[in-house]
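This is what each chain is made of:
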Amino acid sequence: MFQVIREKAELVHLNFFLKSIRDFIEKAGASEEKIFDVILTAEEILVNIMSYAYPENQKGEIEIHCQILEADGEKKLKCVFIDEGKFFDILQKESPDLSAPIETRSVGGLGIHLVKTLMDEVSYMRQVDKNILSVVKTI
Amino acid sequence: MFQVIREKAELVHLNFFLKSIRDFIEKAGASEEKIFDVILTAEEILVNIMSYAYPENQKGEIEIHCQILEADGEKKLKCVFIDEGKFFDILQKESPDLSAPIETRSVGGLGIHLVKTLMDEVSYMRQVDKNILSVVKTI
Amino acid sequence: MSVECTRHHNGKVVCKFLGRIDTTKCIDAEKVVMESIEGAEVIVFDLDGVEYVASSFLRLCGKASHKVDTNNFSIVNVVPSVKKVFKVSGLSEKLNVQ
Amino acid sequence: MSVECTRHHNGKVVCKFLGRIDTTKCIDAEKVVMESIEGAEVIVFDLDGVEYVASSFLRLCGKASHKVDTNNFSIVNVVPSVKKVFKVSGLSEKLNVQ
Ligand SMILES: Nc1ncnc2c1ncn2[C@@H]1O[C@H](COP(=O)(O)OP(=O)(O)O)[C@@H](O)[C@H]1O
Ligand SMILES: Nc1ncnc2c1ncn2[C@@H]1O[C@H](COP(=O)(O)OP(=O)(O)O)[C@@H](O)[C@H]1O
């Protein structure tokens, strides 16, 4: 099972992206709990690309490749998020200090933290003018 | 809206293909009547590729690109079916003689006839070792 | 998809289909249907509750209709979407689609 | 997603959320929520019937909690799947998620 979807990096298309990913992993037979983690992860990554990757009024596209990998009786979902926006390496972003008291702590940075926590593997690659972010999760 | 799906050309994957196409056109907001025509068309094309394109036990893959084209307030669905099986041009296949009495008429050839009847446009292209069949329908 | 064929004492066999009849389902159903109508004099396919048919089902109908005299084969309770498939295939009249 | 905030005479504001709180829905809700809790002494977010939250909602909770003294902000009726999101974000205790 392999699926690619592509649309403009605009918030109005968030639902198209998320619904497509959900439809795909439902066909792969994932449980509601796994679907929750994958959809939350995808939403955080997509909203970030929609917000930060491209200049306002010059929004490019987002392409998502999803694939089911089967090995040793395990089923893994691999999703690759590709944009042509400015260089951004999620792995170089430090996690927020979760132990800091909430009064002194800024409430950003949680999105990336959730992605790293909910997925089994996260990897980043810059390819010419593309950001290529891959996540893998056993489903 | 753009979607690509890929899987082996085996009957066990028919549902994955059809469900993916249905999910896509539902997101595009097509009516049940249009969905019916598109799914029936896709099923006929897919079953043919699964049956005839590749030698038994050496089934290759099928890739389907779907896209929503919007122009003049009209929404069109374009789906492209790609296989690497033996050359087959659907347009060179004559339609069955629908007026022949059923006793003398072989009951094959209806699949391709349905495809040509239900779609607004059907086109075929051979590219190196690929069959590229495109269908378009206003939805 | 499910199919249930009932043989009546007057030589009439009624096959009731239920659900979507796609290619894989039709392949599964073909054997039981062809066996059930063997020797019938009148065949009725009841499609009440069938909202989708692929061309493999048209083929099955054609094959089944050959088993009896013309006019002794008919298809009843056909919803409009399925009726259209028989119509564009030129089979509505030949198969007595009602 | 919908949200309804009720102000009680003792300075307590209860906001009841319903449905999936994704990023776009949260952006829409933020203004009305922040206006409704203005000047409150105790804030309760009731998530009965919320089965999904994105990080933008965590941010909204953090922002809202700053409006009152610690311990005067709480989040109640949280289903397990949503509880997990607060937990892995290290916010369960700080936001009194119950
Ligand atoms: N795709 C991206 N391109 C550029 N910068 C990004 C991208 N994604 C995230 N960032 C940066 O990383 C920061 C942290 O992101 P995140 O953890 O999602 O929290 P938030 O978006 O709430 O600030 C963002 O504020 C932004 O500066
Ligand atoms: N992808 C294909 N590759 C090779 N031959 C094909 C392909 N699709 C259809 N054909 C040929 O065209 C014929 C007519 O196909 P169709 O109209 O679907 O009816 P049926 O499959 O019932 O015979 C098939 O019997 C087959 O010989």
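See the structure shown above.
Quantities reported herein were computed from a predicted structural model and do not represent experimental measurements. Residue positions are given per chain, counting from 1 as you read along its sequence in written order. Key to labels: chains lettered from A, ligands numbered from 1, both in the order written. Residue-level local features of this predicted model are given only where pLDDT is at least 70; pairs of side-chain atoms are given and counted only at 80 or more, and the full residue set underlies all totals for whole chains, interfaces and linings. Just so you know, side-chain values use all the structure's heavy atoms and leave hydrogens and water out.

Novice: Quick question: what am I supposed to make of the overall build of chain A here?
Specialist: Labels follow the DSSP assignment, with helices taken as runs of H or I lasting at least four residues and strands as runs of E lasting at least two, numbered in each case from the N terminus. Each helix and strand in chain A was counted, giving three helices and five strands. In chain A, the succession of helices and strands from N to C terminus is β-α-α-β-β-α-β-β. Values of the radius of gyration come from C-alpha atoms, whereas the globule rule sets the reference at 2.2 Å times the count of residues to the power 0.38. Radius of gyration (C-alpha) of chain A: 15 Å, near the 14 Å computed for a compact globule of 139 residues. Across the 139 residues in chain A, those meeting the buried criterion constitute 53%. Contacts between residues were defined by any pair of non-hydrogen atoms, one from each residue, lying within 4.5 Å. Relative to all contacts within chain A whose residues are 6 or more apart in sequence, the contacts with residues 24 or more apart total 61%. Shrake-Rupley sampling with a 1.4 Å probe provides the accessible areas, and residues are treated as covered by the protein chains on show and by no other component. For chain A, the exposed surface amounts to about 6600 Å²; the carbon and sulfur share of it is 50%. Charged residues are defined here as Lys and Arg on the positive side and Asp and Glu on the negative side; His and the ends of the chain fall outside this count. For the purpose of locating charges, the reference atoms are NZ of Lys, CZ of Arg, CG of Asp and CD of Glu. For chain A, the distance from the average position of its 17 positive side-chain charges to the average position of its 24 negative side-chain charges is 2 Å. Throughout, exposure labels follow a simple rule: accessible area from a 1.4 Å probe, protein chains only, divided by the maximum for the residue type, with under 20% read as buried, over 50% as exposed, and the rest as partly exposed.

Novice: Explain the interface of chain B and chain A to me, please; I cannot follow it from the model alone.
Specialist: Where interface size is quoted, it is often the accessible area lost as the parts come together. In this complex, chain B contributes 13 residues to the contact, which on the side of chain A involves 13 residues. Three residues, Phe2(B), Phe16(B) and Lys27(B), lead the burial of chain B against chain A; their summed loss comes to 42% of the area buried on that side. By convention in these notes, a salt bridge is any Lys or Arg side-chain nitrogen within 4 Å of a carboxyl oxygen on Asp or Glu. Scanning the region where chain B abuts chain A turns up two salt bridges. Linking Lys27(B) and Asp23(A) is a salt bridge whose minimum nitrogen-to-oxygen distance equals 2.6 Å. A 3.5 Å cut-off defines polar contacts: any pair of N or O atoms within that distance qualifies, except that in protein one atom must be a possible hydrogen donor and the other a possible acceptor, and neighbouring residues in sequence count only when both atoms are side-chain atoms. Taken together, chain B and chain A are joined by seven residue pairs in polar contact (both at pLDDT 80 or more). Mapped onto the side of chain B that touches chain A, the elements with two or more residues apiece are β1 (2-8) and α1 (14-27) of chain B. Should DSSP find at least two bridges between two strands, the strands are regarded as paired. Both strand β1 (residues 2-8) of chain A and β1(B) contribute to a ladder of five bridges, which runs antiparallel. Buried area adds together the accessible area that both of two parts lose upon being put together, with accessible area traced by a 1.4 Å probe.

Novice: Where do I start with the relation of the copies chain B and chain A in this structure?
Specialist: Two copies of a chain can be linked by a rotation about an axis combined with a shift along that same axis. Superposition of the copies used a least-squares fit over C-alpha atoms from residues whose pLDDT is at least 70 in both. Rotating chain B by 180° and moving it 0.0 Å along the rotation axis overlays it on chain A with an RMSD of 0.0 Å. Both copies are brought into coincidence by an operation consistent with a two-fold rotation axis. Closest approach to the rotation axis within chain B is made by the C-alpha atom of Val4(B), at a distance of 2.3 Å. Interface overlap between copies: 100% of the residues of chain B at the interface are likewise at the interface in chain A, consistent with a symmetric, same-surface contact.

Novice: Explain the site of ligand 1 to me, please; I cannot follow it from the model alone.
Specialist: To be near a molecule or strand, a residue needs just one of its heavy atoms within 4 Å of it. Taken together, Asn48(A), Ile49(A), Tyr52(A), Phe88(A), Lys93(A), Gly109(A), Leu110(A), Gly111(A), Ile112(A) and Arg59(D) form the complete shell of residues around ligand 1. Surrounding ligand 1 are residues belonging to chains A and D, so the site spans chains. In the model, an oxygen atom of ligand 1 is placed 2.8 Å from a nitrogen or oxygen of the Ile112(A) main chain. Interatomic distance of 2.2 Å between a side-chain N/O atom of Arg59(D) and an oxygen atom of ligand 1. Under the scheme applied, nonpolar residues are Ala, Val, Leu, Ile, Met, Phe, Trp, Tyr, Cys and Pro; charged residues are Asp, Glu, Lys and Arg; polar residues are all the others, including Gly. Its residues assigned to classes, the shell around ligand 1 comprises five nonpolar, three polar and two charged.

Novice: Is there a simple way to think about unusual backbone geometry in this case?
Specialist: Positive phi is not limited to glycine here, since Val128(A) has a value of about 45°. Here Val128(A) shows up in the loop between β4 (121-127) and β5 (130-138). For Asp72(B), which is not glycine, the phi torsion reads 55° and is therefore positive. Mapped onto the elements, Asp72(B) comes out in the loop between β2 (61-71) and β3 (74-83).

Novice: Looking at this structure, I do not really get the site of ligand 2. What am I missing?
Specialist: Ligand 2 sits among 11 residues. The nearest are Asn48(B), Tyr52(B), Gly109(B), Ile112(B) and Arg59(C). One of the side-chain nitrogen or oxygen atoms of Asn48(B) is found 2.7 Å away from an oxygen atom of ligand 2. A distance of 2.2 Å separates an oxygen atom of ligand 2 from a polar side-chain atom of Arg59(C). Summarising the interface, the protein chains cover 81% of the accessible area of ligand 2, which totals 540 Å² for the free molecule.

Novice: What exactly am I supposed to notice about the interface of chain D and chain A here?
Specialist: At the interface, 26 residues of chain D touch 27 residues of chain A. Roughly 2000 Å² of surface becomes buried between chain D and chain A when both sides are summed, with 62% attributable to carbon and sulfur atoms. It is Tyr52(D), Val88(D) and Lys94(D) that lose the most area in chain D upon contact with chain A, and together they represent 26% of the buried surface on that side. Summed over the shared surface of chain D and chain A, the number is one salt bridge.

Novice: What am I meant to see in the packing of helix α2 (residues 32-53) of chain B against helix α3 (residues 80-88) of chain C here?
Specialist: Helix packing for two helices is described by the angle between their axes and how far apart those axes are. The N-to-C vectors of α2(B) and α3(C) enclose an angle of 45°; their axes lie 11 Å apart at closest approach. The angle between the axes of α2(B) and α3(C) places the two elements in the oblique class. As for how α2(B) packs across α3(C), the hand of that crossing is right-handed. Of the residues in α3(C), those in contact with Glu33(B), Phe36(B), Asp37(B) and Leu40(B) of α2(B) are Ser81(C), Val82(C), Lys84(C) and Val85(C). Here the contact of α2(B) with α3(C) is composed, by residue class, of four nonpolar, one polar and three charged. Axis lines are fitted through C-alpha atoms, for helices just across the contact stretch, and the angle between N-to-C directions can take any value from 0 to 180 degrees. Roughly parallel means an angle under 35 degrees; roughly antiparallel, over 145; roughly perpendicular, 65 to 115; everything else is oblique. Rotating anticlockwise by less than a right angle from the far helix to the near helix defines a left-handed crossing, while the corresponding clockwise rotation defines a right-handed one.

Novice: Even after reading the chapter, I still don't get the nonpolar core, so can you show me in this structure?
Specialist: Looking at soluble globular proteins, one finds that nonpolar side chains tend to be buried together. Residue types Ala, Val, Leu, Ile, Met, Phe, Trp, Tyr and Cys, when buried and joined through side-chain atoms within 4.5 Å, form a set referred to as a nonpolar core. Counting residues in each nonpolar core, the largest one holds 145 residues, and the members touching the most others are Phe81(A), Phe45(C), Phe57(C), Phe86(C), Phe45(D), Phe57(D) and Phe86(D). The contacts of Phe86(D), once residues within four sequence positions are left out, are Leu47(D), Phe57(D), Leu58(D), Cys61(D), Ile75(D), Leu91(D), Ser92(D), Leu95(D) and Val97(D).

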